[in-house]
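Each chain, letter by letter, is given below.
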Amino acid sequence: MAGLLGDLADLVLPAPCAGCEAERVPLSFGVCASCAVRLEALRPFRTVPDPPPPGLPRCVAVGAYGSALRGVLLNYKEKGRHRLAGPLGALLATAVAAIAPRGAPVILVPVPSTAAAARERHGDHMRRLAAHAVRRLRAAGWDADVSPQLEALPRPDSTSLSVAGRRAAAEDSLRIRRARIGVLRRAAPRKGTLVVVDDIVTTGATLAAATGRLEEAKMQVAGAAVLAATELRRSTAVGFGGLPPGGTEKVERRGSGIPNEG
């Protein structure tokens, strides 16, 4: 990812490497040089959970949930290193660009955090990432914006749930924001390429549920973009215009799961 190393170099984080926890990382870096190279080498690819849940849109991930990407994401999401949102947002932009054509407006709809999670993490982590992704897309020539159409209700811990249970919990926990209901009734939905964005995909239940809620409100979803996929059995690298190009390759990877993830 061109420019990613520069973004990471701008971080002033007196802490171990966010990617591998290596010590003695220079204070001007968020990650060590080896992790920066690994992150820059990531290329978006299509991913399909096995089995795919009904209603799951085309899904593009930046990388497998492992190695440096896993470390940086966990440090950002769970350890309060919020300045990593810039580099992660830049990576997310590459996945969005693989779905959205440059000529039409692209609207990012972040999967929301619950109120409790947002309080614990000092803000909605996906809304913050989506904002950074939009900045990178605009700089590369896209007409991009964020539209937080969804809100999250409390949901049970999904670690002990079956695939069907995760799907039901995801469907019950998402709805169109109350403040948007009146607007949607009075006006036509916004035009453009609608892309749901999230940090991680495991079973795909959350992305399918978010897509279903948006389509119930007459908003057509073009695809979903995520940073990491925890279970990649079949994937193919995809190209995208305007942002740094990737090759084409067949890969087969497996990552570890993560709690409370659909």
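Residues numbered from 1 in each chain as written. Predicted model: local features only at pLDDT ≥ 70, side-chain atom pairs only at ≥ 80, totals over all residues. Heavy atoms only, no water.

An unreviewed UniProt entry lists the protein chain under the name Putative amidophosphoribosyltransferase, from Paractinoplanes abujensis. The Sequence similarities (unreviewed entry) comment attached to the protein chain in UniProt states, word for word, "Belongs to the ComF/GntX family." (UniProt positions renumbered as here; feature names shortened; annotations may be inferred.)

1. Concerning the overall build of the protein chain
Each helix and strand in the protein chain was counted, giving nine helices and 10 strands. Evaluated residue by residue, the protein chain yields a buried proportion of 52% over its 262 residues. (Helix = DSSP H or I, 4+ residues; strand = E, 2+ residues; numbered from the N terminus. Buried < 20%, exposed > 50% of the residue type's maximum accessible area, 1.4 Å probe, protein only.)

2. Section: the side chain of Ser 113
Within the secondary structure, Ser 113 sits in the loop between strand E3 (106-110) and helix H5 (115-120). Engagement of the side chain of Ser 113 in a polar contact is seen with the side chain of His 125, the distance being 3.3 Å. Each residue touching Ser 113, except ones within four places of it in the same chain, is listed here: Ala 118, Arg 121, Asp 124, His 125 and Ala 152. (Polar contact = N/O pair within 3.5 Å; in protein donor to acceptor, adjacent residues only side chain to side chain. Contact = heavy atoms within 4.5 Å.)

3. Overview of the nonpolar core
Counting 47 residues, the largest nonpolar core has Leu 88, Leu 108 and Val 197 as its most contacted members. Here the element with the most residues in this core is helix H4 (residues 85-97); it accounts for eight residues. Ignoring anything within four residues of it in the chain, the contact list for Leu 88 reads Leu 69, Val 72, Leu 73, Tyr 76, Leu 129 and Leu 227. Counting 27 residues, the second-largest nonpolar core is a separate cluster that includes Ala 61, Ile 107, Val 111 and Ile 176. (Core = buried A, V, L, I, M, F, W, Y, C linked by side-chain atoms within 4.5 Å.)

4. Here we look at the confidence of the model for the protein chain
Of all residues in the protein chain, 70% have pLDDT values of 70 or greater, and the mean over the chain is 79. Low pLDDT, under 50, characterises residues 181-189; the predicted model gives this stretch eight contacts beyond four residues in sequence or across chains. (pLDDT = per-residue confidence, 0-100.)

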